[in-house]
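# Breakdown of the fold
Given next are the chains, with one letter for each unit.
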Amino acid sequence: MKSRKLIIFYSIVILLSSVQLSAQTIQQRPENWAIKVEICHLENFYKLNDSIFRSEQPDEIEFGCLGKIGIKSVLNLRSHHTDSCLLDGTTIKPFTVEMVANNFTDNEIIQSLRILKYGPKPMAVHCLHSSDRTGVVIAMYRIIFEYWTRKQALDELQNGGFGFHAQYKNIIEYVKNVDVELIKRNVLKM
């Protein structure tokens with residue numbers, strides 16, 4: 001009987017400790033990082049600001065939900081995949097910049113950032129998981145338009161809870177070494 005009470009006591013202590021640890025983890029998230037938004041069945045949908053959201057690949061129903069919350073356009077970063085048929089019945093305008101996570105170019109980043117700058121807002125950016133291609137585009141958005149440091153952008157990219165895949169070391173190296181002024185000039189020139 002005494003051992004059963006001890007087991008219950010230690011179970012409660014462990015449970016309370018894990019709840020406290022979770023609360024501390026949530027509190028430590030910087031307030032300028034993207035905020036998770038619960039909508040439809042999207043598990044990786046975050047709001048950067050009133051104009052830009054990031055998401056994994058929505059399906060037809062989820063695009064309908066995005067339209068209902070006022071999303072006006074979507075930037076698809078997937079190669080060989082279109083959103084057009086999934087957007088039937090919505091007023092969401094599709095944009096596409098085909099990227100591959102392990103081999104993208106300055107030009108693809110510039111095209112993506114131009115769409116983010118000049119496309120109808122609010123806009124959702126997506127790839128398959130919203131981890132890597134979306135991650136690098138959002139990191140560059142933060143640097144170019146929100147004047148974040150590379151370190152700040154990389155911290156959110158890697159630790160923001162978006163599922164960044166560490167095998168894409170090229171993404172980290174890109175953000176660390178990209179010629180920011182060159183990208184900015186090319187994004188802003190018309």
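This text follows the structure it describes.
What counts and how
Residues numbered from 1 in each chain as written. Predicted model: local features only at pLDDT ≥ 70, side-chain atom pairs only at ≥ 80, totals over all residues. Heavy atoms only, no water. Helix = DSSP H or I, 4+ residues; strand = E, 2+ residues; numbered from the N terminus. Buried < 20%, exposed > 50% of the residue type's maximum accessible area, 1.4 Å probe, protein only. Contact = heavy atoms within 4.5 Å. Areas by Shrake-Rupley, 256 points an atom, 1.4 Å probe, with all protein chains shown as cover. Axes fitted to C-alpha atoms, helices over the stretch in contact; angles between N-to-C directions. Parallel < 35°, antiparallel > 145°, perpendicular 65-115°, else oblique. Left-handed = near helix turned anticlockwise from the far one by under 90°. Nonpolar A, V, L, I, M, F, W, Y, C, P; charged D, E, K, R; others polar. Core = buried A, V, L, I, M, F, W, Y, C linked by side-chain atoms within 4.5 Å. Disulfide = S-S within 2.5 Å.

Attention now goes to the overall build of the chain. Of the regular secondary structure elements, the chain holds seven helices and six strands. Sequence-ordered secondary structure for the chain, helices as α and strands as β, is α-β-β-β-α-β-β-α-β-α-α-α-α. The buried share of the chain, taken over its 190 residues, is 44%. The long-range fraction of contacts in the chain, counting pairs at least 24 apart against all pairs at least 6 apart in sequence, stands at 62%. On the chain, roughly 10,800 Å² of surface is accessible, and the fraction owed to carbon and sulfur atoms is 56%.

With that settled, the discussion passes to the packing of helix H5 (residues 150-159) against helix H6 (residues 169-177). The geometry of a pair of packed helices is captured by two quantities: the angle between their axes and the separation between those axes. Contact geometry for H5 and H6: axes closest at 9 Å, N-to-C directions at 160 degrees. It follows from the interaxial angle that H5 and H6 lie roughly antiparallel. For the crossing formed where H5 meets H6, the hand is right-handed. Where H5 approaches H6, its residues Arg150, Leu154, Leu157 and Gln158 are matched on the opposing element by Ile171, Ile172, Val175, Lys176 and Asn177. Of the residues assigned to the contact of H5 with H6, the class counts are five nonpolar, two polar and two charged.

So, about the nonpolar core. Most often, soluble globular proteins have nonpolar side chains that are buried together. Ile109, Leu113 and Ile183 are the most contacted members of the largest nonpolar core, which has 44 residues in total. Element by element, the count of residues in this core is highest for helix H4 (residues 133-145), at nine residues. Apart from the residues lying within four places of it in its own chain, the contact partners of Ile109 are Met99, Phe104, Val136, Val137, Met140, Tyr174 and Ile183. If you look at the next biggest cluster of nonpolar residues, it comprises 13 residues, including Cys65, Val74, Leu86 and Ile92.

The subject of this paragraph is the state of the cysteines. Counted under the stated rule, the structure contains one disulfide. One disulfide in the model links Cys40 with Cys65; its S-S distance is 1.7 Å. Across the S-S bond of Cys40 and Cys65 the torsion is about -50 degrees, and the bridge reads as left-handed. Placement of Cys40 in the loop between strand S1 (35-36) and strand S2 (46-47) and of Cys65 in helix H2 (residues 60-68) is noted, with a sequence separation of 25 residues between them.

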